[in-house]
Amino acid sequence: MWALIAATLTAATLPSAADETDLVARYTFDEGQGELVRDVSGNGADGTVHGARFLHTRTGHCMEFDGVISYVDCGAPQPLDLREQVTLEAWVMPTGVPGREPGIAGKQFSSYLLTYYTDGNCWWYINEGGNNVHAPVMPGRWQHVAGTFDGETLRLYVNGRLATSKPSKHRSIAPGGNFTIGAVMGAPSADDPNYRNT
């Protein structure tokens, strides 16, 4: 199990907190109840809750995911169809190292995606073919993770510090399917059979 306090998606790399012109979606989970998670960016990429539950925190709410069947489905609206640059960030607190590879947020392995793997690392994917980077994320505490892609380099930040980076094998991002929080959805058209039924 793990919890997510907020997720933000921008169409640029390393966004400034003061400049939100490239903001695509932001989920704060402050609804606190119900079956809908609102995109507070104003772009309308709201999500439907499937099995996840809201938890109260000291400053608002978060979502708890079981790492197996609970998730939020935000669909595939045009603002989430990022092809050139992306920053995907989230506050996460794993309760332990998972037995599978649950998605933190994103589309698919064959598009853009943050996950938490059985090796205790957060993984950042852009497209297929081993185009990824990863860094440790510790269970039992809140941590901020952010994956960026600028058309040339994949970067993964943990708690505001660059944890790892490498040149990308791809210069653009494949379209993928629905944007989900808390799960990885399979991509039937993926070249890698492991990505078809996740």
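Everything below is about the structure shown above.
Attention here is on the structure that accompanies the text. Because the structure is predicted, anything quoted here is derived from the model rather than measured.

Calculation criteria
- Residues numbered from 1 in each chain as written.
- Predicted model: local features only at pLDDT ≥ 70, side-chain atom pairs only at ≥ 80, totals over all residues.
- Heavy atoms only, no water.
- Helix = DSSP H or I, 4+ residues; strand = E, 2+ residues; numbered from the N terminus.
- Buried < 20%, exposed > 50% of the residue type's maximum accessible area, 1.4 Å probe, protein only.
- Areas by Shrake-Rupley, 256 points an atom, 1.4 Å probe, with all protein chains shown as cover.
- Polar contact = N/O pair within 3.5 Å; in protein donor to acceptor, adjacent residues only side chain to side chain.
- Salt bridge = Lys/Arg side-chain N within 4 Å of Asp/Glu carboxyl O.
- Pairing = 2+ DSSP bridges.
- Core = buried A, V, L, I, M, F, W, Y, C linked by side-chain atoms within 4.5 Å.

### Regarding the overall build of the chain
Each helix and strand counted, the chain has 0 helices and 16 strands in total. When burial is assessed residue by residue, the chain has 51% of its 198 residues classed as buried. Carbon together with sulfur atoms contributes 48% to the accessible area of the chain, which is approximately 9,100 Å² in total.

### Concerning the environment of E89
Residue placement: E89 occurs in strand β8 (residues 86-94). Taking C-alpha positions, E89 is 8.5 Å from L114, a pair spaced 25 residues apart along the chain. Of note is the side chain of E89, whose polar atom sits 2.8 Å from the side chain of H144.

### Notes on the pattern of salt bridges
Enumeration over the complete set of coordinates arrives at 4 salt bridges. Between R53 and E64 there is a salt bridge whose closest N-O contact spans 2.6 Å. With R53 in strand β5 (residues 53-56) and E64 in strand β6 (residues 61-65), this residue pair connects regions lying 11 residues apart in the sequence. The exposure class of R53 is partly exposed, given its relative accessible area of 47%. Residue classification places E64 among the buried positions, given a relative accessible area of 16%. One salt bridge in this structure joins R83 and D81, with 2.8 Å as the shortest N-O distance. Accessibility expressed as a relative area gives 38% for R83, which makes it partly exposed.

### Topic: the sheet that holds strand β10 (residues 112-116)
Spatially, β3-β4-β7-β16-β9-β10-β11-β12 is the arrangement adopted by the 8 strands of the open sheet, whose pairing is antiparallel. The open sheet has two edge strands, β3 (36-37) and β12 (132-136), and neither has a second partner. The pairing of β3 with strand β4 (residues 47-50) spans 2 bridges and is antiparallel. The residue bridging V37 from the neighbouring strand is G47, located in β4.

### What about the environment of A146?
Structurally, A146 is set in strand β13 (residues 143-149). Owing to a relative accessible area of 7%, A146 belongs among the buried residues under this scheme. Between the C-alpha atoms of A146 and T87, which are 59 residues apart in sequence, the distance is 6.7 Å.

### Observations regarding the nonpolar core
If you look at soluble globular proteins, the nonpolar side chains tend to sit buried side by side. L9, Y27, L80, Y112, W124 and F179 are the most contacted members of the largest nonpolar core, which has 40 residues in total. The leading source of residues in this core is β8, at 4 residues. The next biggest cluster of nonpolar side chains, apart from the first, holds 5 residues, and it includes F109, L113, W123 and V184.

### Describing the environment of P167
Mapped onto the elements of the fold, P167 is located in strand β15 (residues 161-167). On the basis of relative accessible area, P167 is assigned to the exposed category, the value being 65%.

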